[in-house]
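Results of the structural survey
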Amino acid sequence: MIFHHIGIASADMGEALAYVRALFPVREVSETVYDEKQDASLCMVTLEDGSRMELITGPVVAGRVKKRQFLYHTCYETADLEESIRHFEEQGALVVSEPKEAVLFSMRRVAFLMTELGLLELLEQE
């Protein structure tokens, strides 16, 4: 598995993007897309050093934003999504969102698991 990005919860995509731009040198910003399966609007920000932040707005993160918990998840890319899920389950992780296609990632599948390290997203490699 390879680290891919962190997910940041926000109430307003424009404000979140402006804040990130004020703090970090930004190389690229994706289009904002709505993912019906996740009921969220999503945008990927790539910083000058190559690290990435996924900005997320919508009902899926509204509770966290209210509590001012903005770090939403950590994402790792994996060559074998099902095997990675099994591995994490063996370590006590709980699948909270079964594998499904993700609009932001060109319909590559993602799954979310709750672990002792917080919410983890697994992203299927291309």
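Just so it is clear, the structure is predicted and the values come from calculations on it, not from any experiment.

**Considerations on the side chain of His4**
Here His4 shows up in strand β1 (residues 2-9). A polar atom in the side chain of His4 sits 2.8 Å from the side chain of His5. Those residues in contact with His4, other than ones at most four positions away along the chain, are Met44, Arg52, Cys75, Tyr76, Glu77, Phe105, Arg108 and Leu123.

**Examining helix α1 (residues 13-23)**
Burial in α1 covers these residues: Met13, Ala16, Leu17 and Val20. All buried residues of α1 lie within an arc of 95° about the axis, which places them on one face of the element. For α1, the exposed residues lying more than 90 degrees away from the buried face are Glu15, Tyr19 and Ala22. Those residues of α1 that are buried are in contact with β2 (26-29), β4 (40-47) and β5 (52-57). Among the residues of α1, the N-terminal cap falls to Asp12, whose side-chain oxygen and the backbone nitrogen of Gly14 are separated by 3.1 Å.

**Side note on the packing of aromatic side chains**
Taken as a whole, this structure holds one aromatic pair when the rule is applied. Considering the side-chain rings of Phe3 and Tyr76, the 5.7 Å spacing of their centres and the 80° angle between planes classify their relative orientation as edge-to-face. Remark: Tyr76 occurs in strand β6 (residues 71-78) and Phe3 occurs in strand β1; sequence separation between them is 73 residues. On the basis of relative accessible area, Tyr76 is assigned to the partly exposed category, the value being 27%.

Rules and cut-offs
Residues numbered from 1 in each chain as written. Predicted model: local features only at pLDDT ≥ 70, side-chain atom pairs only at ≥ 80, totals over all residues. Heavy atoms only, no water. Helix = DSSP H or I, 4+ residues; strand = E, 2+ residues; numbered from the N terminus. Polar contact = N/O pair within 3.5 Å; in protein donor to acceptor, adjacent residues only side chain to side chain. Contact = heavy atoms within 4.5 Å. Buried < 20%, exposed > 50% of the residue type's maximum accessible area, 1.4 Å probe, protein only. Arc of directions from axis to C-beta. Phe/Tyr/Trp six-rings, centres within 6.5 Å; stacked < 30°, edge-to-face > 60°.

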